[in-house]
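Coordinates in review
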Amino acid sequence: MGKKGIFPDIRLRLNMYMRGLQVNRKYKDRLFCALFGQDREALLQLYNALNNTAYTDSGQLTIVTLDNIIYMKMVNDLAFVIAGVLNLYEHQSTYNPNMPLRFLLYIAEEYDRITHRQNTDIYGEKLVVLPTPQCVVFYNGDKRTEDEELLRLSDAFQNKDIPADLELTVHLRNINLGQNRDLMSKCPKLWEYASLVGRIKENLTGGIPPKAAVEEAVSYCLVQGILTDFLRENRSGVLGMLRALTEFDEKKHIRLMKQYAKEDGHAEGLAEGMLQERATVILELLSAHGDVPEKLRMFIAGQTDISVLRSWTHIAANCDSISDFIEKTECDI
């Protein structure tokens, strides 16, 4: 059988696989950070709701979030200091029992930054004063949990017979719609966020395609007065953020492609299929920012180095616009 008979078959199965991709769980993480990380008033409202406080001056918040510009492997969602408390907030769409360990690493990095910024001497006789840490995970995945659960670092310790000299506790709060009603009533912005995500999940469960599911949910929220200002000001960005990011399972993809190539008896089908699918994912991500120029489409489709396409995939998933993608990849178009 020649190439003409092999590649269309592979493309057909690739297209079926692509249609089966789910909306990336990270869309909710990014939306949560955009909603609370860029709005100090919303962040203060969330803090007050969690701690039963009544602070009114958002200027008291000092943002200390670790970003991916300096800390390539150490990035947290939201971190800020207020009233002597170091608050570390993480959004999770999958249940992760390792969050205490992750928070331990975050706190160590935060304290290291604080001591260096204050030029303190941790080897001296004077006690170094540190803000009190509070670790919270906002969870809206599909695994059933209580309204609040405690995750402890000691759960991971091997020898349970010896008292541990270290402990770290993480408060997991379930923010799926209908959960934590008291918290939601104290923080309306959190309820609105849960309503938007809940509507998207409901649409997806009902079999609506991801793009349509997101657009319907955004329109619904605008009509219902949910996140109105945020969605009106950032509608295109939110739509792009929500619908562009698809969950790309690299290991599953390679396994399937090897299977297809084995079935067809041609390794060439594997190589071409991987390149084509990577290019398709990149173009799908970029389309969230508008029409992709034909010249750029041809340039991406013509790339034959899979490592370059992998790099471009990550850039496409995080760029702000098509021009931003072109600049970061230095595409010659």
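Scoring rules and cut-offs
Residues numbered from 1 in each chain as written. Predicted model: local features only at pLDDT ≥ 70, side-chain atom pairs only at ≥ 80, totals over all residues. Heavy atoms only, no water. Pairing = 2+ DSSP bridges. Helix = DSSP H or I, 4+ residues; strand = E, 2+ residues; numbered from the N terminus. Contact = heavy atoms within 4.5 Å. Axes fitted to C-alpha atoms, helices over the stretch in contact; angles between N-to-C directions. Buried < 20%, exposed > 50% of the residue type's maximum accessible area, 1.4 Å probe, protein only. Expected span 1.5 Å × (residues − 1). Arc of directions from axis to C-beta. Left-handed = near helix turned anticlockwise from the far one by under 90°. Nonpolar A, V, L, I, M, F, W, Y, C, P; charged D, E, K, R; others polar. Salt bridge = Lys/Arg side-chain N within 4 Å of Asp/Glu carboxyl O. Right-handed = clockwise from strand over helix to strand, strands pointing away. Parallel < 35°, antiparallel > 145°, perpendicular 65-115°, else oblique.

**Some thoughts on the sheet that holds strand 1 (residues 62-63)**
Pairing in this open sheet of six strands is mixed, and the strands run 1-2-3-4-6-5 from one edge to the other. Either end of the sheet is taken by a strand with one partner, and the two such strands are strand 1 and strand 5 (148-152). The sheet contact formed by strand 1 and strand 2 (residues 78-82) spans two bridges and is antiparallel. Within strand 2, the residue paired with Ile 63 across the bridge is Phe 80. Sheet strands touched by helix 4 (residues 99-117): strand 2, strand 3 (85-92), strand 4 (132-139), strand 5 and strand 6 (169-174). Its angle to strand 3, the strand with the most contacts, is close to 140 degrees.

**Observations regarding the environment of Asp 77**
When you line up the elements, Asp 77 lands in the loop between strand 1 and strand 2. A relative accessible area of 16% means that Asp 77 is categorised as buried. Linking Asp 77 and Phe 36, residues 41 residues apart in sequence, is a C-alpha distance of 9.9 Å. Setting aside its immediate chain neighbours within four residues, Asp 77 contacts Cys 33, Thr 65, Tyr 89, Glu 90 and His 91.

**Considerations on helix 4**
Helix length check: helix 4, at 19 residues, gives a terminal C-alpha distance of 27 Å against a target of 27 Å (1.5 Å per residue), a fit within 8%. Looking at helix 4, one finds that the buried residues are Met 99, Pro 100, Phe 103, Tyr 106, Ile 107, Glu 110, Tyr 111, Ile 114 and Thr 115. Take helix 4 and look down its axis: the buried residues cluster within an arc of 165 degrees, on one side only. Along its buried surface, helix 4 packs onto strand 2, strand 3, strand 4, strand 5 and strand 6. Looking one or two residues past helix 4, Asn 119 carries a phi angle of roughly 55 degrees, positive in sign.

**Let's talk about the packing of helix 12 (residues 306-318) against helix 13 (residues 322-329)**
One way to put it is that helix 12 packs onto helix 13 with a least axis distance of 9 Å and a crossing angle of 145 degrees. Regarding helix 12 and helix 13, the two cross each other, and that crossing is right-handed. In contact with Trp 312, Ile 315 and Ala 316 of helix 12, helix 13 contributes Phe 325, Lys 328 and Thr 329. Tallied by class, the residues present in the contact of helix 12 with helix 13 amount to four nonpolar, one polar and one charged.

**Re the environment of Glu 215**
With respect to the helices, strands and loops of the structure, Glu 215 is situated in helix 7 (residues 210-224). Residue classification places Glu 215 among the partly exposed residues on the basis of a relative accessible area of 28%. When the C-alpha atoms of Glu 215 and Leu 239 are compared, they prove to be 6.8 Å apart, with 24 residues separating the residues in sequence.

**Details of the environment of Leu 204**
Position of Leu 204 relative to the elements: it lies in helix 6 (residues 188-205). The exposure class assigned to Leu 204 is partly exposed, which follows from its relative accessible area of 29%. Through-space distance from the C-alpha of Leu 204 to that of Val 214 is 8.7 Å; in sequence the pair is ten residues apart.

**A short note on the pattern of salt bridges**
Applying the stated criterion across every chain, the model contains seven salt bridges. In this structure, the salt-bridge partner of Glu 90 is Arg 102, at a minimum N-O distance of 3.6 Å. In this pair, Glu 90 is assigned in strand 3 and Arg 102 in helix 4, connecting sequence segments twelve residues apart. Arg 102 sits in the partly exposed class, given a relative accessible area of 27%. Measuring nitrogen to oxygen at the nearest pair gives 3.8 Å for the salt bridge that ties Arg 113 to Glu 110. You can see Arg 113 and its partner Glu 110 sitting in helix 4, three residues apart, about one turn around the helix. Note on Glu 110: relative accessible area 2%, which makes it buried.

**Re the pairing of strand 2**
Among the five residues that make up strand 2, five are buried, leaving the element largely enclosed by the rest of the structure. Neither face of strand 2 is left uncovered, since the one carrying Leu 78, Phe 80 and Ile 82 and the one carrying Ala 79 and Val 81 both have all their residues buried. Pairing geometry for strand 2 and strand 3, over five bridges, is antiparallel. When the bridges of strand 3 are listed, Ile 82 appears paired with Val 85. The loop that links strand 2 with its antiparallel partner strand 3 comprises two residues; one of these, Ala 83, has a positive phi angle of about 55 degrees.

**Comments concerning the pairing of strand 3**
Of all eight residues in strand 3, eight are buried; the element is thus mostly enclosed. Going residue by residue along strand 3, you find Val 85, Asn 87, Tyr 89 and His 91 tucked away on one face and Leu 86, Leu 88, Glu 90 and Gln 92 tucked away on the opposite face as well. For strand 3 and strand 4, the ladder comprises eight bridges, and the chain directions are parallel. Paired with Tyr 89 across the strands is Val 136, a residue of strand 4. Between the parallel pair strand 3 and strand 4, the chain is carried across by helix 4, and the sense of this crossover is right-handed.

**So, the packing of helix 6 against helix 7**
Relative to each other, helix 6 and helix 7 sit at 140 degrees, their axes nearing to 9 Å. When the axis of helix 6 is compared with that of helix 7, the two are oblique. For the element pair helix 6 and helix 7, the recorded crossing hand is right-handed. Together, Leu 196, Arg 199, Ile 200, Asn 203 and Leu 204 of helix 6 and Pro 210, Ala 213, Val 214, Glu 216, Ala 217, Val 218, Tyr 220 and Cys 221 of helix 7 make up the contact between the two elements. Along the lines of polarity and charge, the residues of the contact of helix 6 with helix 7 split into ten nonpolar, one polar and two charged.

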